[in-house]
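# Structural overview
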4 protein chains.
Amino acid sequence: MEPSQETLTTHAGTDPAPTHGYTANKEAYLRRLKRIEGQVRGIARMVDEDKYCIDILTQVSAVTKALHAVSLGLVEEHIGHCVVGAAAEPDPDLRAEAIDVKVKEATEAIGRLLR
Amino acid sequence: MEPSQETLTTHAGTDPAPTHGYTANKEAYLRRLKRIEGQVRGIARMVDEDKYCIDILTQVSAVTKALHAVSLGLVEEHIGHCVVGAAAEPDPDLRAEAIDVKVKEATEAIGRLLR
Amino acid sequence: MEPSQETLTTHAGTDPAPTHGYTANKEAYLRRLKRIEGQVRGIARMVDEDKYCIDILTQVSAVTKALHAVSLGLVEEHIGHCVVGAAAEPDPDLRAEAIDVKVKEATEAIGRLLR
Amino acid sequence: MEPSQETLTTHAGTDPAPTHGYTANKEAYLRRLKRIEGQVRGIARMVDEDKYCIDILTQVSAVTKALHAVSLGLVEEHIGHCVVGAAAEPDPDLRAEAIDVKVKEATEAIGRLLR
């Protein structure tokens, strides 16, 4: 599952203000995570039914990939929403600091994904 | 969660013959996968409750790490069981081929984990 | 080698205008890449001297980590410089598009690092 | 660069006994590492010439992939040579221990690659 291949339905926002970058795609994220949960359950079933270890490993790799796709979506929305939001702060001093905080957070999160 | 930190209970084997390397640790794998399934459900809850994207990313990284630990355990048992099993084949010609197949499978599986 | 542990010397900029986020830390990046080049040469020497495969693998992992650290530094500076630069575009229509382009580029680059 | 796509020339072994799994492919490994060294130098050149950060990141990803391919090759040969070698130990007690040591080493090395 690639992030770009999934049509992310725009959440028909009746909420006054979406809080985060991913809010607009909340339903799509919940569907993906539901599917990942099902994949993990499927792996447990394979273990329980003594399936061949290599086939189990293939499924574990698929789940890891699906999680990476979710991560990338969240990173994209964090950068496009939180970082860009900080850059829109009118006070230049507060802005510089806000950007620094958001960029640092994003980079540390990406670093955790790489490890 | 590191594979080495978890006490893997040896499955009190009433089965006549465990088929795979991981069979002896089946219960431990099922517990770990249950926990991972719960972690994925927790991430969905965070999305649903509009938690901060960076905190969600941290949880996604934790699940990825837990899956890596499961993979490593399976790889270890595949090598120690299936590869070594192939090496015990008495007919030298069949043995060489059996080893080749198992080593190639293991390497391809590890390659999928790295990608 | 962690990006945060290295003191990045600010390039005493006699250039009229630094073009990219990393320009200020150019010398530090060049030093790191020099070191990585030396590490790769060291691995070749280990292969040439028939060193133990596991020790070679350990060195390969170290180089991969050092490259990840360089990547993370570049990503951080891309977000803090190129994305934030796009967000400073005065024309709102051009701005939205410029941000989109930069965020998409960053996310795709991070996606390539994860694979 | 995929390990399978490169024709590994079998080292015309005049040596009395190749010590490691990779020895037969030593020349191919040295060529690959030489190429990786050149790629790292190319990245330094890009930094020096103020190339666009995203293009540099693309090259860093390519080097990481090339290193992964080298790692996988070494892992494959370690399993096929060192682990299988341990499994050929005639004394069953020494054999079990030798296998354990080699499998554990391999798994730890793979774990370092995954991190």
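Placed above this text is the structure.
First, a word on scope: everything that follows refers to the structure included in this document. Computed from a predicted model, the values in this text were never measured in an experiment.

### Here's the deal with the relation of the copies chain A and chain B
Least-squares fitting of chain A to chain B yields an RMSD of 0.0 Å, with the superposition described by an axial translation of 0.0 Å and a rotation of 180°. Here the two chains are linked by the operation of a two-fold rotation axis. A symmetric contact is evident, with 100% of the interface residues of chain A recurring at the interface of chain B.

### Topic: the interface of chain C and chain D
Taken together, the contact between chain C and chain D spans 43 residues of the former and 43 residues of the latter. When chain C packs against chain D, the two sides together hide about 4,100 Å² of surface, and 68% of this comes from carbon and sulfur. Counting across the chain C and chain D interface gives 4 salt bridges. Among the ionic pairs, Arg 41 of chain D bridges to Glu 37 of chain C, the shortest N-O distance being 3.0 Å. One can count 12 residue pairs in polar contact (both at pLDDT 80 or more) joining chain C with chain D. It is helix H2 (residues 53-87) of chain C that contributes the most residues to the side of chain C that touches chain D, 17 residues altogether. In terms of residue class, the side of chain C that touches chain D is built from 24 nonpolar, 8 polar and 11 charged.

### What about the packing of helix H2 (residues 53-87) of chain B against helix H2 (residues 53-87) of chain D?
Where H2 of chain B contacts H2 of chain D, the two axes come as close as 9 Å, and the packing angle between them is 70°. When the interaxial angle is binned, H2 of chain B and H2 of chain D end up roughly perpendicular. Side by side, H2 of chain B and H2 of chain D meet where Ile 79, Val 83, Val 84 and Ala 87 of chain B of the first sit next to Ile 79, Val 83, Val 84 and Ala 87 of chain D of the second. Taken together, the residues of the contact of H2 of chain B with H2 of chain D break down into 8 nonpolar, no polar and no charged.

What counts, and where the lines are drawn
- Residues numbered from 1 in each chain as written.
- Chains lettered and ligands numbered in written order.
- Predicted model: local features only at pLDDT ≥ 70, side-chain atom pairs only at ≥ 80, totals over all residues.
- Heavy atoms only, no water.
- Least-squares fit on C-alpha atoms with pLDDT ≥ 70 in both.
- Contact = heavy atoms within 4.5 Å.
- Buried area = accessible area lost by both parts, 1.4 Å probe.
- Salt bridge = Lys/Arg side-chain N within 4 Å of Asp/Glu carboxyl O.
- Polar contact = N/O pair within 3.5 Å; in protein donor to acceptor, adjacent residues only side chain to side chain.
- Helix = DSSP H or I, 4+ residues; strand = E, 2+ residues; numbered from the N terminus.
- Nonpolar A, V, L, I, M, F, W, Y, C, P; charged D, E, K, R; others polar.
- Axes fitted to C-alpha atoms, helices over the stretch in contact; angles between N-to-C directions.
- Parallel < 35°, antiparallel > 145°, perpendicular 65-115°, else oblique.

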